Amino acid sequence: MTVAVLGAGAFGTALAISLAGNGPVVLWARSADHARAMRAARENAARLPGVRLPDAIAMTSDISDIAACDTILLAVPMQRLRSVLEEHAGALDGRVLVACCKGVELHSGLGPVGVIAETLPDARPALLTGPSFAHDIARGLPTALTLACADAGLGKTLQQALNTANLRIYRTTDTIGAELGGALKNVIAIACGAVIGAGLGDSARAALMTRGYAEMQRMALALGARPETLAGLSGFGDLALTCTSDQSRNYRLGLALGRGDCFDPSVTVEGAATAQAVAEKARGMGLEMPITDCVVGMLDHNLTIDEAMARLLARPLKEE
Ligand SMILES: NC(=O)c1ccc[n+]([C@@H]2O[C@H](COP(=O)([O-])OP(=O)(O)OC[C@H]3O[C@@H](n4cnc5c(N)ncnc54)[C@H](O)[C@@H]3O)[C@@H](O)[C@H]2O)c1
Ligand SMILES: O=P(O)(O)OC[C@H](O)CO
């Protein structure tokens with residue numbers, strides 16, 4: 001199986017590096033200059049500096065170069081996914097498309113699999129998600145991910161094809177649980193970063209992670225996810241990683257909020273738009289998502305971290 005990766009950001013490049021151990025990989029960048037610079041230096045200096053790009057990776061900005069590839073990984077930010085699919089519909093429709101992004105689209109409330117299904121109905125969608133930092137994968141460190149595909153047979157084929165020397169792939173047919181786990185954990189990671197940034201302590205973070213997991217389950221189960229998916233790599237696993245490591249951009253945005261520092265708006269932080277999308281979706285479904293609501297309030301500068309914490313502590317007492 002030949003693989004193409006659309007999106008030469010940190011994650012797409014890291015996946016291409018790991019997959020290059022299995023055979024040829026095409027890495028597509030939207031900018032011709034970026035593709036040329038990567039070819040010349042055999043490095044993605046902009047997004048993944050210091051890691052050599054193996055010879056098995058062909059860098060291009062010509063979408064027709066993916067024509068011979070069986071499987072296409074989509075490693076672009078969630079809020080850009082629809083426009084990428086629309087722009088390259090001719091090359092992507094009817095193909096096996098593995099979304100690698102984590103989030104919920106703002107105006108539709110859909111996750112990546114839902115956006116693919118709505119935009120390119122003849123494509124065969126799947127999702128690759130789970131606890132993983134691009135730099136860890138690119139350095140060959142051991143990582144485990146979940147491949148979610150509603151078509152069990154295709155899921156098995158993709159699991160085999162995307163498993164590499166350092167990427168161990170598990171599989172599930174529960175695409176709803178896998179996409180919501182990966183999306184919602186980023187919102188909780190922003191909250192955890194804020195708590196640590198404001199000096200409110202590790203106990204407060206553990207409380208937020210646990211009650212945040214309850215929020216994740218509340219929404220995901222209401223939408224038909226399986227509880228075991230949330231307990232797996234794509235849910236609990238990714239929540240644990242993202243809420244505890246300052247390698248995470250979501251966590252780092254939270255740290256900056258908690259400290260009252262500025263944060264570079266050009267950095268990809270999926271949890272920011274997703275918090276807004278999820279809060280709106282929860283209201284429509286009649287679900288309580290108090291931590292998500294506080295994250296939205298802090299991001300909109302309507303709520304300080306102290307006010308957010310006071311609001312959470314003052315909620316009516318209840319059974320766990
Ligand atoms: N970086 C990680 O450690 C990591 C790990 C797991 C999952 N992810 C997920 O992968 C997705 C991408 O994250 P990233 O870290 O690679 O981000 P990034 O900011 O490093 O790169 C994003 C890439 O998308 C490209 N892009 C943006 N808009 C585009 C468009 N309209 N058309 C074509 N390309 C476009 C950019 O040029 C850039 O190369 C996110 O959803 C993220 O949650 C990232
Ligand atoms: O840097 P973040 O916060 O986007 O996290 C990267 C991955 O999602 C962690 O699994």
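Each value, and the rule that gives it
Residue numbers restart at each chain and count upward from 1, following the sequence in its written direction. Chains and ligands are labelled by the order in which they are written, letters from A for the one and numbers from 1 for the other. Under the rules for a predicted model, residues below a pLDDT of 70 receive no local features and side-chain atom pairs below 80 are neither given nor counted, while totals for whole chains, interfaces and linings still include all residues. Derived side-chain values reflect all non-hydrogen atoms in the structure, with water molecules and hydrogen atoms excluded from consideration. Between the N-to-C directions of two axes lies an angle of 0 to 180 degrees, each axis being a line fitted to C-alpha atoms and, for a helix, fitted only over the stretch in contact. Secondary structure elements are taken from DSSP: a helix is a run of H or I of four residues or more, a strand is a run of E of two residues or more, and numbering for both begins at the N terminus. Any angle from 65 to 115 degrees is called roughly perpendicular, while one under 35 is roughly parallel, one over 145 is roughly antiparallel, and all others are oblique. Take the far helix as your reference; a near helix turned counterclockwise from it by less than a right angle gives a left-handed crossing, and one turned clockwise gives a right-handed crossing. Residues count as neighbours in contact if any of their non-hydrogen atoms are within 4.5 Å of one another. Residue classes follow a fixed rule: Ala, Val, Leu, Ile, Met, Phe, Trp, Tyr, Cys and Pro count as nonpolar, while Asp, Glu, Lys and Arg count as charged, and any other residue, Gly among them, counts as polar. UniProt positions are given in the numbering used here, feature names are shortened, and annotations may be inferred rather than shown by experiment. Any pair of N or O atoms that falls within 3.5 Å is considered a polar contact. Within protein, one atom must be able to donate a hydrogen and the other to accept it, and sequence-neighbouring residues count only if both atoms are side-chain atoms. Here the term buried applies to any residue with accessible area under 20% of the maximum for its type, exposed to any over 50%, and partly exposed to those in between, with areas from a 1.4 Å probe on protein chains only. In these notes, residues near a molecule or strand are those with any non-hydrogen atom within 4 Å of it. Areas reported here follow the Shrake-Rupley algorithm with a probe of radius 1.4 Å; residue values treat only the protein chains shown as occluding. The start and end points of each domain follow an automatic or database-based domain assignment. A pair is scored as a salt bridge if a Lys or Arg side-chain nitrogen falls within 4 Å of a carboxyl oxygen belonging to Asp or Glu.

As for the packing of helix α8 (residues 175–197) against helix α11 (residues 233–242)
Link 1 in the chain: Close contact between α8 and α11 brings their axes to 8 Å; oriented N to C, the two are set at 20°. The pairing of α8 with α11 is recorded here as roughly parallel in orientation. Viewed along their axes, α8 and α11 form a crossing whose handedness is right-handed. Mapping the contact onto sequence places G177, A178, G181, G182, K185, N186, I188 and A189 in α8 and S234, G235, D238, L239 and T242 in α11.
Link 2 in the chain: Considering only residue class, the contact of α8 with α11 consists of four nonpolar, seven polar and two charged.

Looking at the UniProt feature "binding site: sn-glycerol 3-phosphate" (unreviewed entry) in the chain
Link 1 in the chain: Sequence positions flagged by UniProt for "binding site: sn-glycerol 3-phosphate" (unreviewed entry) are, in local numbering, K102, G130, S132, K185, D238, S248, R249 and N250.
Link 2 in the chain: Structurally, K102 can be placed in the loop between β7 (96–99) and α5 (112–119).
Link 3 in the chain: In this structure K102 touches M78, T129, G130, S132, G182, A183, K185, N186, D238 and E270, once residues within four positions along its chain are discounted.
Link 4 in the chain: A polar side-chain atom of K102 sits 2.9 Å from the main-chain carbonyl oxygen of G130.
Link 5 in the chain: Take D238: it is sitting in helix α11.
Link 6 in the chain: For D238, a relative accessible area of 1% gives the class buried.
Link 7 in the chain: With residues up to four places along the chain from it excluded, the contact list for D238 reads K102, G130, P131, S132, K185 and L233.

Section: the site of ligand 1
Link 1 in the chain: With respect to spatial proximity, 20 residues lie near ligand 1, and among them A10, A134, R249, T268 and E270 are the closest.
Link 2 in the chain: A134 places a main-chain nitrogen or oxygen 2.8 Å from an oxygen atom of ligand 1.
Link 3 in the chain: For ligand 1, whose free accessible area comes to 830 Å², the fraction covered by protein is 90%.
Link 4 in the chain: Formed jointly, the shell around ligand 1 draws a minimum of three residues from each of two domains, domain 1 (3–173) and domain 2 (178–314).

Thoughts on the pattern of salt bridges
Link 1 in the chain: Counted according to the given criterion, the structure contains twelve salt bridges.
Link 2 in the chain: The salt bridge partner of R82 is E118, with a shortest N-O separation of 3.0 Å. Of this pair, R82 sits in helix α3 (residues 81–87) while E118 sits in helix α5, placing them 36 residues apart in sequence.
Link 3 in the chain: The buried category is assigned to R82, whose relative accessible area is 13%.
Link 4 in the chain: Because the salt bridges share partners, they merge into one network encompassing R42, R52 and D55.

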